[in-house]
Amino acid sequence: MQEQRAHWGSSVAFILAATGSAIGLGNLWKFPFITWDNQGGAFVLVYLACIAGVGLPIMMAEILIGRRSQRSVVGALKEAVGPGWGIVGAWGVLCGFILLSYYTVIAGWSLFYFVQTLGWSLSAVPPGLQTGDLFGQQVSNGRLQLGLSLVFSVATVAVVYLGIHRGIERLTRTVLPILFGILLLLLFSALRMEGSAEAVAFIFRPNFAELEPGGLLEALGHSFFTLSLGMGAMITYGSYVDRSQSIVKMSAVIVLLDTVIALIATVIMFSVIFSVAGMEDQVGASTVGMLFISLPELFYSEVPFGNWLGPLFYVLVALAALTSTISLLEVVASYLIDQHGVARHKSTLICGATVFVFTILAALSFGAVPNLSSFELFEGKQGWFANADHFVSNWMLPTGGLAITIGAGWFMSREATSSELLDGNEPGWFHYGVWRFFIRFIAPAAVGAVIVAVLFFGVDFS
Ligand code: PFF
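Residues numbered from 1 in each chain as written. Predicted model: local features only at pLDDT ≥ 70, side-chain atom pairs only at ≥ 80, totals over all residues. Heavy atoms only, no water.

A.B. asks: Help me get a handle on the site of the ligand, residues and values and all.
C.D. replies: Neighbouring residues of the ligand: 16 residues in total, closest Ala-22, Leu-25, Gly-26, Tyr-103 and Phe-225. Here a nitrogen atom of the ligand sits 3.2 Å away from a polar atom, N or O, in the main chain of Ser-21. In the environment of the ligand, an oxygen atom lies 3.4 Å from a nitrogen or oxygen atom belonging to the side chain of Asn-27. If the ligand stood free it would expose 340 Å²; the protein chains cover 100% of that surface. Grouping the constituent residues of the shell around the ligand by class yields eight nonpolar, eight polar and no charged. (Near = heavy atom within 4 Å. Polar contact = N/O pair within 3.5 Å; in protein donor to acceptor, adjacent residues only side chain to side chain. Areas by Shrake-Rupley, 256 points an atom, 1.4 Å probe, with all protein chains shown as cover. Nonpolar A, V, L, I, M, F, W, Y, C, P; charged D, E, K, R; others polar.)

A.B. asks: Account for the packing of aromatic side chains, with residues named and values stated.
C.D. replies: Pairs of aromatic rings are described using the distance from one ring centre to the other and the angle between the two planes. One pass over the full model with this rule turns up 33 aromatic pairs. Arranged with centres 5.4 Å apart and planes meeting at 75°, the rings of Phe-97 and Phe-358 form a pair that is edge-to-face. Of this pair, Phe-97 sits in helix 5 (residues 86-122) while Phe-358 sits in helix 15 (residues 344-363), and the two are 261 residues apart along the sequence. For Phe-97, a relative accessible area of 17% puts it in the buried group. Plain terms: the ring middles of Trp-109 and Phe-292 are 5.5 Å apart, the flat faces sit at 85° to each other, and that makes the pair edge-to-face. Taken together, the residues Trp-109 in helix 5 and Phe-292 in helix 13 (residues 287-299) connect sequence positions 183 residues apart. Here Trp-109 and Phe-292 have matching classes, each one buried. Through a chain of ring-to-ring contacts, the aromatic side chains of Tyr-102, Trp-109, Phe-112, Tyr-113, Phe-135, Phe-292, Phe-299, Phe-313, Tyr-314, Phe-366 and Phe-385 assemble into a single cluster. (Phe/Tyr/Trp six-rings, centres within 6.5 Å; stacked < 30°, edge-to-face > 60°. Helix = DSSP H or I, 4+ residues; strand = E, 2+ residues; numbered from the N terminus. Buried < 20%, exposed > 50% of the residue type's maximum accessible area, 1.4 Å probe, protein only.)

A.B. asks: Hey, could you go over the side chain of Ser-334 for me, with residue numbers and the actual values?
C.D. replies: Of note, Ser-334 is situated in helix 14 (residues 306-340). For Ser-334, the side chain forms a polar contact with the main-chain oxygen of Glu-330, separated by 2.6 Å. Here Ser-334 is in contact with Ser-72, Thr-236, Tyr-240 and Gln-339, once residues within four sequence places are set aside. (Contact = heavy atoms within 4.5 Å.)

A.B. asks: An account of empty space enclosed by the protein is requested, with residue identities and associated values reported.
C.D. replies: Summed over the entire model, instances satisfying the criterion amount to four cavities of 30 Å³ or more. In this structure, the largest cavity encloses a volume near 150 Å³. Together, 19 residues line the largest cavity, and Ser-21, Leu-99, Tyr-103, Phe-225 and Ser-228 are the ones closest to its centre. Looking at the lining of the largest cavity, the elements with two or more residues in it are helix 1 (11-22), helix 2 (25-37), helix 5, helix 10 (213-226) and helix 14. In the lining of the largest cavity, the residues fall into eleven nonpolar, eight polar and no charged. (1 Å grid on protein atoms, 1.4 Å probe; cavity = no way out; pocket = protein on both sides within 12 Å on 5 of 7 lines; lining within 4 Å. Points joined across faces, edges and corners; volume = space filled by probe spheres on them.)

A.B. asks: I'd like a description of unusual backbone geometry, backed by residues and values.
C.D. replies: One non-glycine residue with positive phi stands out, namely Gln-39, at about 65°. With respect to the helices, strands and loops of the structure, Gln-39 is situated in the loop between helix 2 and helix 3 (42-69). The backbone of Gln-70 sits at a positive phi, close to 55°, despite the residue not being glycine. Mapped onto the elements of the fold, Gln-70 is located in the loop between helix 3 and helix 4 (73-80).

A.B. asks: Just give me the short version of the nonpolar core, but keep the residues and values in it.
C.D. replies: Of all hydrophobic cores here, the largest spans 161 residues; its most connected members are Trp-8, Ile-65, Phe-270 and Phe-313. In terms of residue count, the dominant contributor to this core is helix 12 (residues 247-275) (17 residues). Leave out the neighbours within four places in its chain, and Phe-270 touches Pro-32, Thr-35, Trp-36, Ala-199, Phe-202, Ile-203 and Met-290. (Core = buried A, V, L, I, M, F, W, Y, C linked by side-chain atoms within 4.5 Å.)

A.B. asks: How would you explain helix 2 if you had to name every residue and give the values?
C.D. replies: Its 13 residues place the ends of helix 2 17 Å apart at the C-alpha level, agreeing with the 18 Å of an ideal helix rising 1.5 Å per residue. Remark: the principal bend of helix 2, roughly 30°, maps to Phe-31, with a proline, Pro-32, within the next four residues. Burial in helix 2 covers these residues: Leu-25, Gly-26, Asn-27, Leu-28, Trp-29, Lys-30, Phe-31, Pro-32, Phe-33, Ile-34, Thr-35 and Trp-36. (Expected span 1.5 Å × (residues − 1). Bend = angle between axes of the 7 residues up to and from the residue.)

A.B. asks: Run through the pattern of salt bridges, naming residues and quoting values.
C.D. replies: Throughout the structure, instances matching the rule amount to eight salt bridges. Of the charged contacts in the structure, one is a salt bridge between Arg-5 and Asp-338, with a shortest N-O distance of 3.1 Å. Of this pair, Arg-5 sits in the segment before helix 1 while Asp-338 is found in helix 14, placing the two residues 333 residues apart along the sequence. Overall, the relative accessible area of 12% leaves Arg-5 in the buried class. For Glu-330, the salt bridge identified is with Arg-344, shortest N-O distance 2.9 Å. Here the residue Glu-330 occupies a position in helix 14, and Arg-344 occupies one in helix 15, the gap between them amounting to 14 residues. A single burial state applies to Glu-330 and to Arg-344, both of which are buried. Counted as one network, the salt bridges with shared partners bring together Arg-67, Arg-68, Arg-243 and Glu-420. (Salt bridge = Lys/Arg side-chain N within 4 Å of Asp/Glu carboxyl O.)

A.B. asks: Before we move on, can you summarise a nonpolar patch on the surface with the specific residues and values?
C.D. replies: A surface patch of nonpolar side chains, amounting to about 500 Å² of accessible area, comprises Trp-410, Phe-411, Phe-437, Phe-441 and Ile-442. Breaking the nonpolar patch down by element, the ones donating at least two residues are helix 17 (383-411) and helix 19 (432-457). At three residues, helix 19 tops the list of elements feeding residues into the nonpolar patch. Its place among the elements puts Phe-441 in helix 19. (Patch = residues over 30% accessible without salt bridge, like charges linked within 9 Å, V, L, I, M, F, W, Y side chains within 5 Å.)

A.B. asks: Could you give me a rundown of the environment of Ser-251, with the residues and numbers involved?
C.D. replies: Looking at where Ser-251 falls in the secondary structure, it is placed in helix 12. In this structure the C-alpha to C-alpha distance between Ser-251 and Trp-308, which are 57 residues apart in sequence, comes to 35 Å. In this structure Ser-251 touches Leu-56, Met-59, Met-60 and Ile-63, once residues within four positions along its chain are discounted. Only 2.6 Å separates the side chain of Ser-251 from the backbone oxygen of Ile-247, close enough to count as a polar contact.

Interpretation note: all reported values are geometric properties and have no functional meaning in isolation.
As C-alpha cells, this is what we get:
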C-alpha cells in the first residue's frame, strides 16, 4: 500500500492544499470577531507572536511526522513517535469528525447568503428588510438548514472521493487563486471606504492597557484552529509530501499566507463596519452576527459597490470553507484507507455519510428542534452546535496539540527530526536548534497554559 501512496504534484500543490485547509471560517468568521472583542491592536500582536512561536513550530512538526511515516494520522504517530501514540491519532480522527460535522453547517449558510445577496443585487433589497430577522428565520428553518448542509457535504465528499490529485489538488489549485483574487478586490474596495483608516488603526495600533489575560490565551487557542493544527490534518496532508520538498520553507509560506489573509479579511470587515455611522455599537454581539447579520446589511447601505461586493464576499466564504472541509474529511477517510485497507471511494462515502448524521444534529440546533437547541453540556453553551464547537476548540485541539508537541519534541530522536527538517534545500534563516527549543519548551509550556486556563479559569475560545 505504501508504494502506491499518492504524492502532491509539486511543493506548490502541497502549499495550496495546506493553505486551503488553514484558510477558512476561522479567518473570516472567528478571527475578526475575537479581534473586535479584544479591542484589536495589542491582541493582534500577541496573536502574531503565538503564530510564530507556537503555530509555526507545530506546523513543521506535524508535516514532518506525516512525511516521515507516509501514513495518515493514526499510523503516522505510531510509526514516527511510538506504538502507543496511535491513541493520539485516534483523538485527532475523532476531532476531525466532530469539527467537520458542525463546520459544514456554517459553511452552508454562506451558500444561503450568496443566493440572497445575488438576488438583492440583481433586483432590489426587499423594503424594510431586517437582516437579524432574516438570519433568525433561516437558522431555525430545519429543512433549509438540512438542504444547505447537504449540498455542502456532497461537495466535500465529491472532492475527497476523487482523491489527492484529481480531487483535492485540482480543486485547491483552481480555488485558491480565485480566493486571493476576490480578497484583493474586496480589500481594494475596502481601503477606499471612509472608515478604512479607523479600521487599520484599530487592528494595528497596539494599546496594551486594553489587553486582558484571557485575550492572550484566546490568541493561542485560535492559532491552532486557524492553522488546522492539533488534530492531524497537517500530518495527513504531510503524508503525501515527497521527500525532496523542504518542510521548513513550505510551513513558513502556509503560516504566512494564513496570517496575512486573516488580517486582510479583518481590514475588509472593519472598514465596512467603521464606514457606517453607528454600526460599531451593533456588531460584536456574537461571532456569527458580524458575518451574517451586520455585513449583509452594510453591503447594501452605504458601502460603494456593495451590490457586487456582497455576493462576491459570500463566494469567498464558501470557497474558503470548502478547502477546509475537504481536509477534515481527508483526515477521517484516510484513516479507514490506511489503517483498515478500505478503498478510497468506499471510505469517503462511508465517512461522509456518517459525519452527515451528526451534521443533521448540528443543523437543527439553531431553533428548528427545541431539544437540540437548548441543552447545555458546558456552562453557558446552548444547543448541539455551541457545545460541539466549545468541546473541539477548548479541549480537543489544545490537548491534541500538546500531545503532538511532546511527541515530536521529547519522543522522537534528534536524528529523526533533524533529518526531516534539514534535508531538502533549507533556507539560511533556519536553525534546527531553535526549532527544537521551541518544540520542546516554548510550545508545550504555552499550550499547557491554555489547558490550565480552560480547566481552572474557564477561558473559552469558541
Ligand atoms: N483552519 C480552519 C479554519 O480556520 O477555518 C479550520 C480547520 C480546518 C481546522 C481543518 C482543522 C482542520 F483540520
